[in-house]
Amino acid sequence: MKTEKTISVKQWFKTDSLFYINNFGKKNPIPPDSVFAFADDGDVYIQRKGIGHKFTIVGSLCYFTESYPIKNAPLSPVTIDHAKDVIPRMMDFETGEFHAYSISSMEEFLKGHDNELYDEYMAIANLKHKRQLLIRYIEKYNERHPLTTSTRL
């Protein structure tokens, strides 16, 4: 029985697994930096800086975290998977623009896309509460502006 070799999404971009087969049956490589996004087993990933980052929330406004390994020492080629530089991000699916996952970015995004949600978010006086509700406002925005087949990048 032949078993399939499984590789992680992180490893996928560092192998020769990115290819397509043309009409003549020839394998043609796909440069990893030409892949914008892909799906794997029901999960959606975005490629940034040669690494696939999994979307936690997929919708008109997506949420994901960029995660990059941190090298042990300045001259060491060894990295530790547990030590990562993690950067939360939002992505406007309609435009493909990336936004920081922050109160100010959320305010700016809502101001340009949904006045009612913007007013509701701005009415929250406590900054800690506003920060805690960032994910909820991504969800609220997606409920009010669902992805459709006409949404495109």
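Below is a summary of the structure that appears in this document. (Residues numbered from 1 in each chain as written. Predicted model: local features only at pLDDT ≥ 70, side-chain atom pairs only at ≥ 80, totals over all residues. Heavy atoms only, no water.)

Regarding the overall build of the protein
In terms of helices and strands, the protein carries five helices and eight strands. In the protein, the succession of α and β elements from N to C terminus is α-β-β-β-β-β-β-β-β-α-α-α-α. Looking at the protein as a whole, 33% of its 153 residues are labelled buried. Sequence-distant contacts, at least 24 apart, represent 42% of the contacts inside the protein between residues at least 6 apart. (Helix = DSSP H or I, 4+ residues; strand = E, 2+ residues; numbered from the N terminus. Buried < 20%, exposed > 50% of the residue type's maximum accessible area, 1.4 Å probe, protein only. Contact = heavy atoms within 4.5 Å.)

Regarding the nonpolar core
Residues Leu61, Met106, Leu110, Tyr121, Tyr137 and Ile138 are the most contacted members of the largest nonpolar core, which totals 17 residues. Every element with two or more residues in this core is listed here: strand E6 (61-71), helix H2 (103-113), helix H3 (115-122) and helix H5 (134-144). By size, the runner-up hydrophobic cluster in this structure holds five residues, among which are Ile46, Phe55, Cys62 and Phe64. (Core = buried A, V, L, I, M, F, W, Y, C linked by side-chain atoms within 4.5 Å.)

Description of the pattern of salt bridges
Applying the stated criterion across every chain, the model contains nine salt bridges. Glutamate 116 serves as the salt-bridge partner of arginine 144, at 3.3 Å between the closest nitrogen and oxygen. Here the residue arginine 144 occupies a position in helix H5, and glutamate 116 occupies one in helix H3, the gap between them amounting to 28 residues. For arginine 144, a relative accessible area of 40% translates into the label partly exposed. Relative accessible area serves as the criterion here: at 52%, glutamate 116 is assigned to the exposed category. Linking glutamate 139 and arginine 136 is a salt bridge whose minimum nitrogen-to-oxygen distance equals 3.3 Å. Residue glutamate 139 and its partner arginine 136 are both found in helix H5; the two are separated by three residues, about one turn of the helix. A relative accessible area of 31% places arginine 136 in the partly exposed class. (Salt bridge = Lys/Arg side-chain N within 4 Å of Asp/Glu carboxyl O.)

Topic: the environment of aspartate 114
Residue position: aspartate 114 is located in the loop between H2 and H3. Given the relative accessible area of 5%, aspartate 114 is considered buried. In sequence terms aspartate 114 and histidine 145 are 31 residues apart; their C-alpha atoms lie 9.2 Å from each other. When residues no more than four places from it in sequence are discounted, the contact partners of aspartate 114 are Tyr141, Arg144 and His145.

Describing H3
Looking at H3, one finds that the buried residues are Leu117, Tyr118 and Tyr121. Buried residues of H3, viewed axially, fall in a sector of 105 degrees; they line one side. Facing away from the buried side of H3 by more than 90 degrees, the exposed set consists of Asn115 and Glu116. Measuring from the side-chain oxygen of the N-cap residue of H3 to the backbone nitrogen of glutamate 116 gives 3.2 Å; that N-cap residue is aspartate 114. (Arc of directions from axis to C-beta. Polar contact = N/O pair within 3.5 Å; in protein donor to acceptor, adjacent residues only side chain to side chain.)

Regarding the pairing of strand E4 (residues 43-48)
One face of the sheet, then the other: side chains in a regular strand alternate in exactly this way. Both strand E3 (residues 37-40) and E4 contribute to a ladder of four bridges, which runs antiparallel. Looking across to E4, one finds that aspartate 40 is bridged to aspartate 43. Between the antiparallel neighbours E3 and E4 lie two residues, among them aspartate 41 with a positive phi of about 55 degrees. Across four bridges, E4 lies against strand E5 (residues 51-57) in antiparallel orientation. Within E5, the residue paired with isoleucine 46 across the bridge is histidine 53. Hairpin connection between E4 and E5: a loop of two residues separates the two successive antiparallel strands, and lysine 49 in this loop has a positive phi of roughly 55 degrees. (Pairing = 2+ DSSP bridges.)

Describing the packing of H2 against H3
At a closest axis distance of 6 Å, the pairing of H2 and H3 adopts a crossing angle of 145 degrees. Pair H2 / H3 crosses with left-handed handedness. Between H2 and H3, the residues in contact are Ile103, Met106, Glu107, Leu110, Lys111 and His113 and Asn115, Leu117, Tyr118, Tyr121 and Met122, respectively. Within the contact of H2 with H3, the residues separate by chemical class into seven nonpolar, two polar and two charged. (Axes fitted to C-alpha atoms, helices over the stretch in contact; angles between N-to-C directions. Left-handed = near helix turned anticlockwise from the far one by under 90°. Nonpolar A, V, L, I, M, F, W, Y, C, P; charged D, E, K, R; others polar.)

Take it as geometry only, folks, not as evidence of what the structure does.
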